[in-house]
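Observations on the model geometry
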Amino acid sequence: MDARAYGITLLDAATGRLYEARGVRIRIGRGRECELRLADAVESVVSRVHAELTVGASGALTLSDAGSSNGTFVNDERVTAPMPVRLGDRIALGRGGPVLVVEGLGTSPQMAVARAGVVARASRRSLWWFAALGIVVLALLVFEWLK
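So, here's what we can say about the structure. Small disclaimer: the values here were computed from a predicted structure and weren't measured.

**Observations concerning the sheet that holds strand E4 (residues 36–37)**
In space, the five strands of this open sheet follow the order E4-E3-E5-E6-E9, with mixed pairing throughout. The two strands at the open ends of the sheet, each matched to only one other strand, are E4 and strand E9 (83–84).

Written as structure tokens, this is what we have:
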């Protein structure tokens with residue numbers, strides 16, 4: 001049986017920015033490979049892949065440090081082994097790094113909404129470019145025909 005996917009909403013306590021991700025594994029960090037990417041985080045504090053949320057043996061969402069240089073903390077307790085995550089928990093990426101508050105948590109369809117949205121936007125953008133190109137070609141043909 002496949003592990004159930006989770007959806008999580010995290011609030012950056014300093015900026016008020018909301019982050020959302022879905023999946024059976026949600027990596028948090030600065031890197032492009034992360035499902036929850038903190039692109040503007042300070043490089044000296046937040047690692048490329050800093051922490052990881054996965055579904056534990058009990059079926060609950062757990063947080064692990066991904067070998068970061070500055071550590072990961074839940075409610076000021078350093079994460080040394082997978083730790084369950086609950087609503088209201090404060091996840092700190094390094095001492096003095098971003099603090100993310102768990103605002104929403106629950107099971108979710110396995111497909112990540114963010115990725116589906118990116119694909120849908122890319123498809124719409126391609127469609128608009130194709131339509132614009134078609135209009136230009138049609139206008140040129142009509143212009144040549146009217147000469």
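**Focus: unusual backbone geometry**
For Asn 75, which is not a glycine, the phi torsion comes out positive at approximately 50 degrees. Inspection of the secondary structure assignment puts Asn 75 in the loop between strand E7 (72–74) and strand E8 (77–78). Accessibility expressed as a relative area gives 40% for Asn 75, which makes it partly exposed. Despite not being glycine, Asp 76 has its phi angle at roughly 70 degrees, a positive value. With respect to the element layout, Asp 76 can be found in the loop between E7 and E8.

**Digging into the environment of Gly 7**
Inspection of the secondary structure assignment puts Gly 7 in strand E1 (residues 5–12). Given the relative accessible area of 12%, Gly 7 is considered buried. C-alpha separation for the pair Gly 7 and Gly 23, spaced 16 residues apart in sequence, amounts to 6.6 Å.

**Some remarks on the packing of aromatic side chains**
Scanning the model with the defined rule gives zero aromatic pairs in all. Over the face of the ring belonging to Phe 73 we find Arg 95, whose NZ or CZ atom lies 4.0 Å from the ring centre.

**Thoughts on the nonpolar core**
Ranked by internal contacts, the top residues of the largest apolar core, which has 25 residues, are Ile 28 and Leu 63. Among the elements of the structure, E1, strand E2 (18–23), strand E3 (25–29), strand E5 (51–55), strand E6 (61–65), strand E10 (90–93) and strand E11 (99–108) are those that each provide at least two residues to this core. Contacts of Ile 28, omitting those with residues within four sequence positions, involve Leu 10, Cys 34, Leu 36, Leu 38, Val 49, His 50, Ala 51, Leu 53, Leu 63, Leu 93 and Leu 100.

Procedures and definitions
Residues numbered from 1 in each chain as written. Predicted model: local features only at pLDDT ≥ 70, side-chain atom pairs only at ≥ 80, totals over all residues. Heavy atoms only, no water. Pairing = 2+ DSSP bridges. Helix = DSSP H or I, 4+ residues; strand = E, 2+ residues; numbered from the N terminus. Buried < 20%, exposed > 50% of the residue type's maximum accessible area, 1.4 Å probe, protein only. Phe/Tyr/Trp six-rings, centres within 6.5 Å; stacked < 30°, edge-to-face > 60°. Lys NZ or Arg CZ within 6 Å of the ring centre and 35° of its normal. Core = buried A, V, L, I, M, F, W, Y, C linked by side-chain atoms within 4.5 Å. Contact = heavy atoms within 4.5 Å.

The values are spatial; any link to function lies outside them.
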